[in-house]
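Below, each chain spelled out in residue letters.
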Amino acid sequence: MTTIGDVAKAAGVSRSTVSYALSGKRTISDETRERIELAIRDLGFTPNAGARALATSQTMVIGLLVQFFRDEFSPAMLQYVLPISDAAREAGYDILMVTEDDGPRALRRITDSGMVDGLVLLNVAHDDPRVPPLRAARQPGALVGLPRDTDGLDVFDLDFGEAARMLVDHLQERGHREIVLISPNEHVITRGGAYAWRFRDAALERAARYGLRIHPYYGDTEQPAITETWNRILDERPTATAVIVHNDAMVAALPPVLNARGVEVPRDLSVVGIFSEDFGRLFSLPYTAIETSPDKLGRAAVQALVQRMQGGDGVGDPVVRFIAPELTDRGSTR
């Protein structure tokens, strides 16, 4: 294993000079720094993370707190993990993903021990118990998801209310008067998943303004309940001409359900939803949809966090930023 002594010998400098070059604690000449960097590349030297943390008070690690629930569709949540990881790596940081059920305890553990330089929170609930310990931590944090109290936090989320209004508008403009609305599992609402009721309530309000009949249902996340729920709803609402789906598991399972019933989209039923382009490609979904923008949200959160971790003149007040919804028409409405 290559050591700092090997680097010093190859560069023709002392061990302490190599240490200063790595930590930035003292100024060294450009020529000396170049020799050290060349020796590091040639020898394949990787600085010890613990030693670097002691020298610089930085771990170059971002904590990513994720909660996976049985009543949420894991493939949808994983869409946010990759852009966060990519953005962190591009900024020179590694990711420590923490999935403990006791989120507040996990957050306190990794911040009190100095394991991370900052944190990103996913699955943010309306009254998220992880928020108070995040505010108390010395490390900065960023949230992907909107809590009730955003004071002092950098928050990034999709404008779910506007997304719902756009889809209702889309259907109303095409003459639809009776619509089925599929929401996330009821447990998501009970647990404080504000994104679910922000979308649902906005859709109901918009439909009422137009005088449309809209039938709200909670969806499921596991088979065979998903298929059973779809068939029950479609049997109960034979006069509905359109469906709005805000449930990843339900929309992923819809094509085979409609095929088995002999229902053709959009001839017999118009379908719109809210999911990412990558998700739609993964499950071959041919439906008009609002883009959920996991890439934009994840990258925006990491970029804001890195700016706060690194400090400097560019750091301003905390922000709450909503990504504007974008509708992609794939011809699934008549």
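Computed from a prediction, not measured in an experiment: that's the story for all the values here.

Asker: Help me out: how do you make sense of the packing of helix H8 (residues 160–173) against helix H10 (residues 194–210) in this one?
Answerer: The N-to-C vectors of H8 and H10 enclose an angle of 35 degrees; their axes lie 7 Å apart at closest approach. For the crossing formed where H8 meets H10, the hand is right-handed. Facing Phe160, Gly161, Ala163, Ala164, Arg165, Leu167, Val168, Asp169 and Gln172 of H8, the residues of H10 in contact are Tyr195, Arg198, Phe199, Ala202, Ala203, Arg206, Ala207 and Tyr210.

Asker: Any chance you could explain the environment of Gly280 here in plain terms?
Answerer: Following the sequence through the fold, Gly280 ends up in helix H13 (residues 277–282). Sequence separation between Gly280 and Ala324 is 44 residues, and the spatial gap between their C-alpha atoms is 19 Å. Discounting residues that sit within four places of it in the chain, Gly280 has contacts with Phe275 and Leu285.

Asker: Before we go on, may I ask you to explain helix H6 (residues 103–112) in this structure?
Answerer: Think of an α-helix as turning once every 3.6 residues; residues three or four places apart then point the same way. Looking only at H6, the buried set comprises Gly103, Pro104, Ala106, Leu107, Ile110 and Thr111. End-on view of H6: buried residues confined to an arc of 165 degrees, all on one side of the axis. The outward face of H6, more than 90 degrees from its buried face, is lined by the exposed residues Arg105 and Asp112. Considering only its buried residues, H6 is in contact with strand S1 (61–65), strand S2 (94–98), strand S3 (118–121) and helix H7 (131–136). Its side-chain oxygen placed 3.2 Å from the backbone nitrogen of Arg105, Asp102 serves as the N-cap of H6.

Asker: I would appreciate a short explanation of the pattern of salt bridges in the present structure.
Answerer: Where charged atoms from two side chains of opposite charge come close, those side chains can pair. For the structure on display, the rule yields 25 salt bridges. Between Glu205 and Arg209 there is a salt bridge, with the nearest N and O atoms lying 3.1 Å from each other. Of this pair, Glu205 and Arg209 are both found in helix H10, four residues apart, which corresponds to roughly one turn of the helix. Its relative accessible area of 57% is what places Arg209 among the exposed residues. Between Glu264 and Arg267 there is a salt bridge, with the nearest N and O atoms lying 3.3 Å from each other. If you follow the salt bridges from partner to partner, you end up with Glu90, Asp295 and Arg299 in one network.

Rules behind the numbers
- Residues numbered from 1 in each chain as written.
- Predicted model: local features only at pLDDT ≥ 70, side-chain atom pairs only at ≥ 80, totals over all residues.
- Heavy atoms only, no water.
- Axes fitted to C-alpha atoms, helices over the stretch in contact; angles between N-to-C directions.
- Helix = DSSP H or I, 4+ residues; strand = E, 2+ residues; numbered from the N terminus.
- Left-handed = near helix turned anticlockwise from the far one by under 90°.
- Contact = heavy atoms within 4.5 Å.
- Buried < 20%, exposed > 50% of the residue type's maximum accessible area, 1.4 Å probe, protein only.
- Arc of directions from axis to C-beta.
- Polar contact = N/O pair within 3.5 Å; in protein donor to acceptor, adjacent residues only side chain to side chain.
- Salt bridge = Lys/Arg side-chain N within 4 Å of Asp/Glu carboxyl O.

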